[in-house]
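Here is how the chains run, residue by residue.
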Amino acid sequence: MQVTGAAANDFSLADNPASATVNAGASATSTISTAVTAGSAQTVAFTASGLPSGATAAFSPSSVTAGGSSTLTVSTTTSTPAGTYPITVTGTGASATHTATFTITVNGTSGAGLVQVSADPFSNSTSQHATELEPDTFAYGSTIVSSAQVGRFTDGGSSDISWNTSTDGGASWQHGMLPGITTYQGGGSWARVSDPSVAYDARHGTWMITGLVIDASVNGAGVSVSRSGDGLAWQNPVMAVGNDGQGYDKEWIVCDNTTTSPYYGNCYIEADITSSGNTVIMSTSHDGGATWSAPVSPSGTNSGLGGQPLVQPNGTVVVPFSTNGSSIRSFTSTNGGSSWGSTVLVANVSSHAVAGNLRDGEGLPSAEIDASGRVYVAWQDCRFRSGCPANDIVYSTTTDGSTWSAVTRVPIDATTSSVDHFIPGFGVDHATSGSTAKLGLYYYFYPNANCTASTCQLEIGFISSTNGGATWSSAQTVAGPMSLSQIASTTQGSMVGDYLSTSVVNGKAVAIFAVGKAPTNGQAFDEGMYSIAGGLTLRAGTTPASPGPVLYTAPDRERTLPAAVRR
């Protein structure tokens, strides 16, 4: 912000959000707020300069009495050139003038619709820039909220986690950083944060983003919850779990949004305690995430991580999780999280070691649910390939959380291909179910599984089904190739994230994903969050899915505990 002159009567000027990304032809908005800082209130008139070609700016209202606010709408045309433009917003009063900057990124109209949603704004010397990775998304209505790690440290966590919000089904995005978590943003106290997860609580009208807060000793100290009424203005976080001297990892959040459920408005967090052998825990909120219950574990043996809880229409919570890489198991609660049953086996995991020292999630599940309550859980697995030379994306389903279907392969390509598939983001259209359920799957892949750190080419693909997974469309490549040197380096390998997520809005699958490019600005990386504008249509196909034949059954190697946590 800049001020001209010194005045007895004065005001401040601020914009929220301070930046937005749109496709050419779309518009973006920001709230321009004023406040009296000295003397009496005065009339403040607004103007905007620095607009790109073909764009216009309008303020509603065009002037306010200091203390009031106005909505800035920047409208582009299809001829507006692609680029990033800092727009100067000027507030002029009788005795003072102030400015604020609203930065708009305009994506071009050509190509396959790949758009950059956000970028790393940090410059601290202790983490890597520009890096963004490991996103989650959640959709409710036409609003999609995503969060990702921003400014990745090599040995765990990031400078902050982001919010990326679309109110029009993924056609355009606004973005920013969550305040009050780390020392790098909004006065937080934690050294780092990791593992973002997103949910919406319809009963309380609240968006939530959880994070794994990390202390100065690089210990996962607990789970924070940041809340928002609209996905754009975010409060400082509350602590849901931890801050008790124990170590935590890989939290996930979900809310019960079925109005007829006896537990409508409950929200649930899953995490694991690394200092107790990855003991799985659950915590419950009844008030929109403001307060959380003491953690409760499922009955019996429950060591694992990466659980993704889902809520069926009758209020039953189903939690698939990874038993440290060797299998997928699940457990349930039928009483609103007061207690949790013993775990059951979904399937053992057999997986190919992804080449190039890439962090690939190592069997972490991606779970979703259809309108009837059928739960889908997907992971990477090599059981359908003789000798385990590469991974497919496979999945299993359940209607009750106890009995799971045979593992089924998504037919992205032939089992004799050289392609390695990993880090699935499985999505389901929540308005569909059963034999007409619409499914979408984003995933990362190597065209050639037999590559090295210097030769591997990382790409992102998409495939869909409109009949509950009976048959699938042809696969399409949506981003890449990128080299591993173009993505963040960590002590556990090059990184785009341990997980990925897909949300379905109006019949289209929307995902946010990390894409690395050759840096041109003097920074070590140019790894940002990208999406396909408006999402990809869930297309029908004729290639059948298959539960066999199973050609490889050797178990996957279980992670060493507690060293191999996945912050």
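Structural data are supplied above this passage.
Residues numbered from 1 in each chain as written. Predicted model: local features only at pLDDT ≥ 70, side-chain atom pairs only at ≥ 80, totals over all residues. Heavy atoms only, no water.

## A closer look at the overall build of the protein chain
Rules: Numbering of helices and strands starts at the N terminus; helices are DSSP runs of H or I of at least 4 residues and strands are runs of E of at least 2. A radius of gyration in this sense is built from C-alpha atoms; the matching globule rule multiplies 2.2 Å by the number of residues raised to 0.38. We call a residue buried when its accessible area falls under 20% of the maximum for its residue type, exposed when it is over 50%, and partly exposed in between, using a 1.4 Å probe and counting protein chains only. Shrake-Rupley sampling with a 1.4 Å probe provides the accessible areas, and residues are treated as covered by the protein chains on show and by no other component. Two residue types count as positive, namely Lys and Arg, and two as negative, namely Asp and Glu; His and chain ends fall outside the count. Throughout, a charge is located at the NZ atom of Lys, the CZ atom of Arg, the CG atom of Asp or the CD atom of Glu.
The helix and strand tally for the protein chain stands at zero helices and 43 strands. In terms of overall dimensions, the protein chain is globule-like: its C-alpha atoms have a radius of gyration of 24 Å, near the 24 Å expected for 567 residues. Structurally, the protein chain occupies a C-alpha span of about 80 × 50 × 45 Å along its principal axes. Split into buried and exposed, the 567 residues of the protein chain put 59% on the buried side. When the accessible surface of the protein chain is split by element, carbon and sulfur atoms take 49% of a total near 19000 Å². Distance between charge centres in the protein chain, computed from 19 positive and 36 negative side chains, equals 6 Å.

## Here's the deal with the nonpolar core
What counts, and what does not: We define the nonpolar core as a collection of buried residues of types Ala, Val, Leu, Ile, Met, Phe, Trp, Tyr and Cys that are connected through side-chain atoms lying within 4.5 Å of one another.
Of all hydrophobic cores here, the largest spans 42 residues; its most connected members are Y442, Y444, Y446, L458, I460, V478 and F513. By size, the runner-up hydrophobic cluster in this structure holds 21 residues, among which are A24, A28, V89 and I104.

## Digging into the state of the cysteines
The cut-off we apply is this: The disulfide definition used here is simple: a pair of cysteine sulfur atoms within 2.5 Å.
Following the criterion strictly, the structure yields three disulfides and no others. Paired by a disulfide, C382 and C388 hold their sulfur atoms 2.1 Å apart. Taking the sign of the torsion about the S-S bond as the criterion, the disulfide between C382 and C388, at about -95°, is left-handed. With respect to burial, C382 and C388 carry one shared label: buried.

## Focus: the pattern of salt bridges
Applied cut-off: Here, a salt bridge means any side-chain nitrogen of Lys or Arg that lies within 4 Å of a carboxyl oxygen of Asp or Glu.
The tally for this structure, following the rule as stated, stands at eight salt bridges. Between K250 and D195 there is a salt bridge; the shortest N-O distance is 2.9 Å. Of this pair, K250 sits in strand β20 (residues 248–255) while D195 sits in strand β16 (residues 192–201), and the two are 55 residues apart along the sequence. As far as burial versus exposure is concerned, K250 and D195 are alike and both buried. The salt bridge involving R385 is made with D413; its shortest N-O contact spans 3.1 Å. Here D413 lies in the loop between β30 (408–409) and β31 (420–428) and R385 lies in the loop between β28 (375–381) and β29 (392–398), a separation of 28 residues in the sequence. Connected via shared salt-bridge partners are D195, K250, R359 and D498.

## Some words on the environment of L364
Along the polypeptide, L364 turns up in the loop between β26 (344–348) and β27 (366–369). On the basis of relative accessible area, L364 is assigned to the buried category, the value being 8%.

## Section: the environment of A514
Applicable threshold: Any pair of residues with heavy atoms lying within 4.5 Å of one another is described as a contacting pair.
Topologically, A514 is positioned in strand β40 (residues 513–517). Linking A514 and A148, residues 366 residues apart in sequence, is a C-alpha distance of 9.0 Å. Beyond its immediate chain neighbours, meaning those up to four positions away, A514 contacts E132, L133, Y444, I460, M482, V496, E527, G528 and M529.

## A look at the sheet that holds strand β24 (residues 317–322)
Counted only if it meets this: Strands pair, by our definition, only if DSSP identifies at least two bridges between them.
Strand order in this open sheet of four strands is β23-β24-β25-β26, and the pairing throughout is antiparallel. Sheet topology places β23 (310–311) and β26 at the edges, where each strand pairs with a single neighbour. Relative to β26, strand β25 (residues 327–333) is paired through four bridges, and the arrangement is antiparallel. Each residue of the ladder has a partner; that of R329, found in β26, is L345.

## Here we look at the pairing of β20
In terms of burial, β20 is largely enclosed, as eight of its eight residues are buried. In terms of strand pairing, β20 meets strand β21 (residues 267–273) through six bridges, oriented antiparallel. Each residue of the ladder has a partner; that of C255, found in β21, is C267.

## Observations regarding unusual backbone geometry
Residue A130 is bonded to the preceding H129 through a cis peptide linkage, with omega at -5°. Positionally, A130 belongs in the loop between β11 (114–118) and β12 (132–140). Cis rather than trans, the peptide bond between G548 and P549 has omega equal to 0°. Secondary-structure assignment places P549 in the segment after β43 (543–544). Phi is positive for K250, close to 45°, though the residue is something other than glycine.

## A look at the pairing of strand β14 (residues 158–166)
Regular strands have side chains that alternate between both faces of the sheet. With nine of nine residues buried, β14 lies mostly within the body of the structure. Alignment of strand β13 (residues 143–152) against β14, held across six bridges, turns out to be antiparallel. When the bridges of β14 are listed, V150 appears paired with D160. Counting the residues between successive antiparallel strands, the hairpin from β13 to β14 contains five residues, one of them, G156, with a positive phi of roughly 130°. As judged from the four bridges shared by β14 and strand β15 (residues 173–177), these two strands associate in the antiparallel manner. From the neighbouring strand, W163 faces β15, where its bridge partner is G176. If you look at the hairpin formed by β14 and β15, you'll find six residues sitting between the two strands, and G169 has a positive phi there, around 70°.

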